[in-house]
Amino acid sequence: MKRRLLILSIASTLALSACSSKFKRYNGPHVTRVIVYKEQRKMHLMHRGEVLRSYDIGLGFAPYGHKGEEGDGRTPEGEYIIDRRNPNSEFHLSIGIDYPNAQDIAKAKAAGVSPGGDIFIHGRPSKNAGGGRDWTAGCIAVTNREMERIYAMVENGTPISIYK
């Protein structure tokens, strides 16, 4: 009887610890595109033409207009690709957007500025857990729980369209 209780206790502990992991599994339809509407503060994970999930988002601290240079607080607009993942991000989890692209680099060079970089979709660090809506340096922010699902669903190579 004691052995049975011990086994049951260990199984329960393992089950609970698996639930608390930030690394979730996803076995649904493939996410074929991410669409972001900045003015609406919405992000949609798409499978072909169907919305799989929608999220309210936060943006850069100066969200209007296309990102033009490093430090401007704007979130880029245009066509990009999810190109990297950071499981150890200070923002809980993050997936990278391949900003700046060749067009962004050319515009910044013509203006004599750096285009910036390191644009991600990410969660919130503990220091900003209760902060306002638009607080990033140009990234797209969601809650940590939402980021866990997004991290599981969106693969590297997924196109992302960011509209004003």
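Our structure is the block above this text.
Residues numbered from 1 in each chain as written. Predicted model: local features only at pLDDT ≥ 70, side-chain atom pairs only at ≥ 80, totals over all residues. Heavy atoms only, no water.

Student: So what's going on with the overall build of the chain? Which residues, and what values?
Tutor: When its secondary structure is counted, the chain shows 3 helices and 8 strands. Mapped in sequence order, the helices and strands of the chain form the string α-β-β-β-β-β-α-β-β-α-β. The burial tally for the chain puts 37% of its 164 residues in the buried class. Counting only contacts in the chain whose residues sit at least 6 apart along the sequence, the fraction spanning at least 24 positions is 59%. As displayed, the chain offers around 9,400 Å² of accessible surface, 53% of which is attributable to carbon and sulfur atoms. (Helix = DSSP H or I, 4+ residues; strand = E, 2+ residues; numbered from the N terminus. Buried < 20%, exposed > 50% of the residue type's maximum accessible area, 1.4 Å probe, protein only. Contact = heavy atoms within 4.5 Å. Areas by Shrake-Rupley, 256 points an atom, 1.4 Å probe, with all protein chains shown as cover.)

Student: Can you break down the side chain of His122 residue by residue, with the values?
Tutor: Here His122 is to be found in strand 6 (residues 119-122). Once residues within four sequence positions are removed from consideration, His122 is found in contact with Phe91, Leu93, Ser94, Trp135, Thr136, Cys139, Ile140, Ala141, Val142 and Met147.

Student: Talk me through the environment of Leu93; I want residue IDs and the actual numbers.
Tutor: Mapping Leu93 onto the fold places it in the loop between strand 4 (78-86) and strand 5 (94-97). Given the relative accessible area of 0%, Leu93 is considered buried. For the pair Leu93 and Gly123, spaced 30 residues apart in sequence, the C-alpha separation works out to 6.1 Å. Beyond its immediate sequence surroundings of up to four residues, Leu93 is in contact with Lys22, Phe23, Asn86, Pro87, Ile121, His122, Gly123, Met147, Glu148 and Tyr151.

Student: Would you mind going over the pattern of salt bridges in detail, with residue names and values included?
Tutor: With the rule as written, the count across this model stands at 8 salt bridges. A salt bridge links Arg41 to Asp134; its shortest N-O distance comes to 2.6 Å. With Arg41 in the loop between strand 1 (33-37) and strand 2 (42-47) and Asp134 in the loop between strand 6 and strand 7 (140-141), the pair connects residues that are 93 residues apart, well separated along the chain. The exposure class assigned to Asp134 is partly exposed, which follows from its relative accessible area of 23%. For Asp72, the salt bridge is made with Lys67, and the minimal N-O distance between the two is 2.9 Å. For Asp72, a relative accessible area of 17% translates into the label buried. Each of the salt bridges in this network shares a partner with another, and the network as a whole consists of Asp83, Arg84 and Asp118. (Salt bridge = Lys/Arg side-chain N within 4 Å of Asp/Glu carboxyl O.)

Student: Which residues make up the nonpolar core, and what are the values?
Tutor: Among the nonpolar cores identified, the biggest contains 25 residues, and Met43, Ile97, Ile121, Ile140, Ile150, Val154 and Ile160 are the most heavily contacted of them. For this core, the secondary structure elements donating two or more residues are strand 1, strand 2, strand 4, strand 5, strand 6, helix 3 (144-153) and strand 8 (159-163). The biggest single contributor to this core is helix 3, with 4 residues. Look past the residues within four positions of Ile150 in its chain and what remains in contact with it is Met43, Leu45, Tyr55, Ile95 and Val142. (Core = buried A, V, L, I, M, F, W, Y, C linked by side-chain atoms within 4.5 Å.)

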